[in-house]
Amino acid sequence: MYQTYSITVPRDTFVRAACEQVGCAAWRHGWESAIDESTDLGQQQAAYIRQQSGRTFREQRRGDGLTVFRFESGQRCFADHKTRPELYAVRDGDWRGNPTGRVRQHQRPQDWVEDFGEHQLRLVDQQQKG
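My aim in this report is to walk through the structure given alongside it, one point at a time. In this text, all values refer to a predicted model and were calculated from it rather than measured experimentally.

Next up on the list: the layout of surface pockets. In this approach the atoms are scanned with a rolling probe the size of a water molecule, which exposes any empty space left behind. Of the pockets and cavities examined, the largest pocket occupies roughly 230 Å³. Taken together, Val15, Gln21, Thr83, Arg84, Pro85, Glu86, Tyr88, Gln107, Arg108, Pro109 and Gln110 make up the lining of the largest pocket. The class makeup of the residues in the lining of the largest pocket is 4 nonpolar, 4 polar and 3 charged.

In C-alpha cells:
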C-alpha cells in the first residue's frame, strides 16, 4: 500500500515552452513592436510581421516615422521561451525502497494529482473497513 509521489526537475535541462506555459506577459496582455522601416532590417521585420508571422495585429505610423504593430493578447509572442520540465512520478514503496520496482510517470500534472487523490481515497476506504 505504500506509494511515493514525487515531482522532480532534471538539472541543466531546458525545453522549448509555449507563452501560456511560462506566464508570458506579452501573451497575457498583448504587446507593441515599434519598427523603423527606413532601415533594411526594419523593412525585413515589417514584411515578416505582415506576410509571415500569422499573428493578429493593428498597425499605425507614428510622427517620428516608426511603424507600431499592436498585437492582441492570447497569441504567441516572438520570444523563444524555455522552461525546465517537471517529472511527475509514482513508485511503489517508501523511503526504504521500491520492493516491486514499479515506477509510473505521468505526462500531465493533472493526472498525477488525480492519481494521488484516488490513492488517498483507497487508503481511507481500507482504513474504514478495518
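Bringing the side chain of Gln75 into the picture now. Note on placement: Gln75 falls in the loop between strand 5 (67–71) and strand 6 (82–83). Take Gln75: its relative accessible area is 12%, and that puts it in the buried class. One polar contact links the side chain of Gln75 to the main-chain carbonyl oxygen of Thr56, over a distance of 2.7 Å. At 3.1 Å, the side chain of Gln75 forms a polar contact with the backbone oxygen of Glu72. Excluding residues that lie within four positions of it along the chain, Gln75 makes contacts with Trp27, Trp31, Arg55 and Thr56.

Here the focus is the packing of aromatic side chains. According to the stated counting rule, one finds 10 aromatic pairs in the structure shown. Taken together, a centroid distance of 5.5 Å and an interplanar angle of 85° make the contact between Phe71 and Phe78 edge-to-face. Among the residues examined, Phe71 registers a relative accessible area of 0% and is labelled buried. Ring pairing ties together the aromatic residues Trp31, Tyr48, Phe57, Phe69, Phe71 and Phe78, which thus form one cluster.

Quick look at helix 4 (residues 109–129) now. Its 21 residues give helix 4 an end-to-end C-alpha distance of 31 Å, which sits within 8% of 30 Å, the value for a rise of 1.5 Å per residue. Trp112, Asp115 and His119 are the residues of helix 4 that are buried. End-on, the buried residues of helix 4 take up no more than an arc of 60°, which puts them together on one face. Exposed side chains of helix 4 directed beyond 90 degrees from the buried face belong to Val113, Leu121 and Gln128. Packed against the buried residues of helix 4 are strand 1 (3–8), strand 7 (87–92) and strand 8 (103–106). The positive-phi residue at the C-terminal boundary of helix 4 is Gly130, with phi of around 95°.

The rules behind the values
- Residues numbered from 1 in each chain as written.
- Predicted model: local features only at pLDDT ≥ 70, side-chain atom pairs only at ≥ 80, totals over all residues.
- Heavy atoms only, no water.
- 1 Å grid on protein atoms, 1.4 Å probe; cavity = no way out; pocket = protein on both sides within 12 Å on 5 of 7 lines; lining within 4 Å.
- Points joined across faces, edges and corners; volume = space filled by probe spheres on them.
- Nonpolar A, V, L, I, M, F, W, Y, C, P; charged D, E, K, R; others polar.
- Helix = DSSP H or I, 4+ residues; strand = E, 2+ residues; numbered from the N terminus.
- Buried < 20%, exposed > 50% of the residue type's maximum accessible area, 1.4 Å probe, protein only.
- Polar contact = N/O pair within 3.5 Å; in protein donor to acceptor, adjacent residues only side chain to side chain.
- Contact = heavy atoms within 4.5 Å.
- Phe/Tyr/Trp six-rings, centres within 6.5 Å; stacked < 30°, edge-to-face > 60°.
- Expected span 1.5 Å × (residues − 1).
- Arc of directions from axis to C-beta.

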